[in-house]
Amino acid sequence: MYNELPAEEQREVEQALLHDPELATTCADLLLAQRSLDDLRTAPSERTTQNILHYSRTFPRLK
């Protein structure tokens, strides 16, 4: 996924993927999940931020 393996071990993984369809399918699923997670937002939208700020300004305060 990140090419962090030494060259020889990477070749072994590639061979395993070629000869094991179940492993290849699992790996493809994991790569798809990784890409999906990478695309997720890590911050709220501007509209959400504004709604929170508006709510905090209009929230009844206890006296």
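Residues numbered from 1 in each chain as written. Predicted model: local features only at pLDDT ≥ 70, side-chain atom pairs only at ≥ 80, totals over all residues. Heavy atoms only, no water.

## Digging into the overall build of the protein chain
- A count of helices and strands for the protein chain gives 3 helices and 0 strands.
- Mapped in sequence order, the helices and strands of the protein chain form the string α-α-α.
- In summary, the protein chain has a C-alpha radius of gyration of 23 Å against a globular reference of 11 Å for 63 residues, an excess of more than 25%.
- For the protein chain, the spread of C-alpha atoms along the three principal axes comes to 70 × 25 × 20 Å. (Helix = DSSP H or I, 4+ residues; strand = E, 2+ residues; numbered from the N terminus. Rg over C-alpha atoms; globule rule 2.2 N^0.38 Å.)

## Overview of the packing of aromatic side chains
- Using the criterion set out here, one finds 1 aromatic pair in the structure.
- Judged by centre distance (5.4 Å) and plane angle (55°), the rings of Tyr55 and Phe59 are tilted. (Phe/Tyr/Trp six-rings, centres within 6.5 Å; stacked < 30°, edge-to-face > 60°.)

## Side note on the environment of Thr58
- On the secondary structure map, Thr58 appears in helix α3 (residues 46–58).
- Within the local environment of Thr58, its side chain forms a polar contact with the backbone oxygen of His54, the two atoms lying 3.0 Å apart. (Polar contact = N/O pair within 3.5 Å; in protein donor to acceptor, adjacent residues only side chain to side chain.)

## A closer look at the environment of Cys27
- Mapping Cys27 onto the fold places it in helix α2 (residues 21–38).
- Judged by its relative accessible area of 22%, Cys27 falls in the partly exposed class.
- Taking the C-alpha atoms as reference points, Cys27 and Leu17, 10 residues apart in sequence, are found 8.2 Å from one another. (Buried < 20%, exposed > 50% of the residue type's maximum accessible area, 1.4 Å probe, protein only.)

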